[in-house]
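# Structure assessment
Now for the letters of each chain:
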Amino acid sequence: MGLHGVKAVFFDLDNTLIDTAAAGRRAIEEVISALQSKHHYGDGEARAVCDKVQAKLLKECHDPAKMCITDLRISHWEEAIQETIGGEANRDLAAECYYLWKTTRLQHLTLAEDTRAMLTELRKGLRLLLLTNGDRQTQREKIEACACQPYFDAIVVGGEQKEEKPAPSIFHYCCDLLGVQPAECVMVGDSLDTDIQGGLNAGLKATVWLNKAMTAPVDTYPVPHYIISSVLDLPAVLQKMEHNTNAKLETDHVAGSDEAH
């Protein structure tokens, strides 16, 4: 593509390149089905357990130095079962639920064919980097499951770094990896708080917010440079950026030629 000024694009993973939310819903339905058919839970009880687990996942604070992610997440299921059903803690059932949820979710994490084609095309003229927050083990398993490694020049997982998005340090680390300047990079992601704020904090050339709903609140903050409803709209945004840069170069050239020499 050979864009003026843009040398690299950083992509978020979850709910940007892969539909983690949809895979998670499929996984939850599998667990609900297993709790009902195998363990004779009522539909309400099974769903209550899963709702509690999802709430715990949203509030999750993980310190890998204290506990591995597997033990922590089995504990989420154990607590949710006990909170819903009462009685003795059932670690075995909790582990069964966790592994079923995890396995099913990973099975449904796929990098769509059209997304693969887009990345392949973009990489002909740009360096591509995958930048994802989260626990090292969890994110590396997702990366392997969706087989996205061949499409990127580098992959950076927040859980392996000192700081995660939106800290400028992780973005600057990514720039150093690729041998580019922040002003030559574009960040693409679905999170205003981490992807867009992080790109702005780091002084990247542009931020592109993936808002699948396209029902942005009036007071969207932070304000991204561009908004797209599908990651497949990115090439058009990059062309628009190139056009704007070319127009500015032409304007600057005309202004320069008008000056007395």
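Note: the structure precedes this text.
Residues numbered from 1 in each chain as written. Predicted model: local features only at pLDDT ≥ 70, side-chain atom pairs only at ≥ 80, totals over all residues. Heavy atoms only, no water.

## Observations concerning unusual backbone geometry
How we decide: Where helices and strands are cited, they refer to DSSP runs of H or I of at least four residues and of E of at least two residues respectively, numbered from the N terminus.
Of note, the bond from Lys165 into Pro166 is cis; its omega dihedral lies within 30 degrees of zero at 15°. With respect to the helices, strands and loops of the structure, Pro166 is situated in the loop between β3 (154-157) and α7 (168-178). Residues Tyr221 and Pro222 are joined by a peptide bond in cis, for which omega reads -5°. With respect to the helices, strands and loops of the structure, Pro222 is situated in the loop between β5 (206-210) and β6 (226-228).

## Comments concerning the side chain of Lys56
Where we set the bar: Classification of residues uses two cut-offs on accessible area relative to the type maximum, computed with a 1.4 Å probe and protein chains only: under 20% is buried, over 50% is exposed, and between them is partly exposed. Throughout this description, a polar contact denotes any pair of N or O atoms lying within 3.5 Å of each other; where both atoms belong to protein, one of them has to be capable of donating a hydrogen while the other can accept it, and for residues adjacent in sequence the pair is counted only when both atoms sit in side chains.
In this fold, Lys56 is placed in helix α2 (residues 43-58). Its relative accessible area of 15% is what places Lys56 among the buried residues. Reaching out from Lys56, the side chain makes a polar contact with the side chain of Glu83 at a distance of 3.0 Å.

## A short note on the sheet that holds β3
What counts is decided by this rule: At least two bridges found by DSSP between two strands are what make those strands a pair. Axes, fitted as lines to C-alpha atoms, cover a helix only where it is in contact. Angles between the N-to-C directions of the axes lie from 0 to 180 degrees. Contacts are assigned to residue pairs that have any heavy atoms within 4.5 Å of one another.
Strands sit in the order β3-β2-β1-β4-β5-β6 across an open sheet of 6 strands; the sheet is parallel. Two strands lie at the open edges of the sheet, namely β3 and β6, each paired on one side alone. When strand polarity is set aside, the average angle formed by the axes of neighbouring strands in this sheet is 20°. Helix α6 (residues 136-146) contacts β2 (127-132) and β3 of the sheet and is inclined by roughly 145° relative to β3. Of the strands in this sheet, β4 (185-189) and β5 touch helix α8 (residues 192-202), which is tilted by about 170° from β5.

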